[in-house]
Amino acid sequence: MELGQLLMTPLTLAPILAHAGIDPLDAIAIRHAYSREHDGIHADSTDEEILAYTRDQTSDRRFFPAVPPRFWIVFIKEGGDQARLWAVLENRGQVSDNGSRRTFDLVETDHLADLRERLVVGWRSPRSFWMHASTAAPYPVVSIADAQPVPFPGFDRLILEHPQLQAVMREHRYAAWRTALASVVGIYLITDTRDGRHYVGKADGKESIRQRWNAYATNGHGGNRDLIGRDPESFRFSLLRVFDPSTPTEEINAAESHFKGALDSRTHGLNAN
């Protein structure tokens, strides 16, 4: 195939699924439509409500697979024959069936996470709310929109799980967050949610909070020997106090020592000193 022909070849869902490691034979595609009817979803539905709505399916095997596959690729109807990606869910099995409705154990995955709310495909079967992913794979990609910026919540409201921290450090939609974190130094807290133990750390001198936290996003432990060997997936990051970069080092050190004592992170936490 010549380059000109290749460039004219429309992008479809198939290579996107392949890149994400999703086997179309082990997945279904679902398109929800907004509705104000009872038990439906609407434009103001939360992610939790959409997930709950997706978990609940008919018991009639004529209208939904008797044994649904592992992955459910969920879209929301948009603009007639288009659908925007909401999330990729993993089906961990049926948990109940009252003869009318079945409930499934579904959990969100990281598959196509960077394309959530951005990927729009042409949905060629308007009467079908679900289909095998192998059927949807040839569907054309209509657009991949720029990610919507996420407003920075403020230093005193910042609580991030490790996967969220990685997203903040890498994704374009969190550019304002990186700018804010690069503008301050200060004292931060890492909590290992598995056992509740605390680590109090600091960013000072030429190292901003952004620089320090980027190290944690990269390797999970930031070079701190007390954190090496722990699973960063259970870490939760927050800020205890922020300072202007011109603040004397002695003042930042005093604040760090105070919080180590207040949180008892030396004796019963993860600080060695």
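Definitions and cut-offs
Residues numbered from 1 in each chain as written. Predicted model: local features only at pLDDT ≥ 70, side-chain atom pairs only at ≥ 80, totals over all residues. Heavy atoms only, no water. pLDDT = per-residue confidence, 0-100. Contact = heavy atoms within 4.5 Å. Phe/Tyr/Trp six-rings, centres within 6.5 Å; stacked < 30°, edge-to-face > 60°. Helix = DSSP H or I, 4+ residues; strand = E, 2+ residues; numbered from the N terminus. Buried < 20%, exposed > 50% of the residue type's maximum accessible area, 1.4 Å probe, protein only. Salt bridge = Lys/Arg side-chain N within 4 Å of Asp/Glu carboxyl O. Core = buried A, V, L, I, M, F, W, Y, C linked by side-chain atoms within 4.5 Å.

## Side note on the confidence of the model for the chain
On average, residues of the chain carry a pLDDT of 90, and 95% of them reach 70 or more. pLDDT under 50 marks residues 1-7. Its contacts with residues more than four places away, or in other chains, come to two contacts.

## Some words on the packing of aromatic side chains
Within the structure shown, the criterion is met by 15 aromatic pairs. Seen in terms of ring centroids, Y188 and W213 are 6.2 Å apart; in terms of plane orientation they differ by 85°. Their pairing is edge-to-face. Of the two residues, Y188 is situated in strand 10 (residues 185-192) and W213 in helix 7 (residues 209-219); the sequence distance between them amounts to 25 residues. For the pair Y188 and W213, one class covers both residues: buried. Grouping aromatic residues by their ring pairs yields a cluster made of F64, W72, F104, F129 and W130.

## Description of the pattern of salt bridges
This structure, assessed with the given rule, holds 16 salt bridges. Here E90 ties to R70 by a salt bridge, and the two come within 3.4 Å at their closest N and O atoms. Of the two residues, E90 sits in strand 4 (residues 82-97) while R70 sits in the loop between strand 2 (56-58) and strand 3 (71-78), which places them 20 residues apart along the sequence. The closest approach of N and O atoms between R116 and E108, which form a salt bridge, is 2.7 Å. Residue classification places E108 among the partly exposed positions, given a relative accessible area of 37%. Linked by salt bridges that have partners in common, D192, R194, D195 and R230 make up one network.

## Let's talk about the nonpolar core
In terms of nonpolar packing, the biggest core is built from 23 residues, with W213 and Y216 touching the most fellow members. Looking at this core, the elements with two or more residues in it are helix 5 (162-170), helix 6 (175-182), strand 10, strand 11 (197-203), helix 7 and strand 12 (235-243).

## Examining unusual backbone geometry
Residue L112 is not a glycine yet carries a positive backbone phi of 60°. Structurally, L112 is set in the loop between strand 5 (101-108) and strand 6 (119-122). With a phi angle near 65°, E117 is a residue other than glycine that sits in the positive phi range. Counting through the fold element by element, E117 comes out in the loop between strand 5 and strand 6. Classification of E117 as partly exposed rests on a relative accessible area of 45%.

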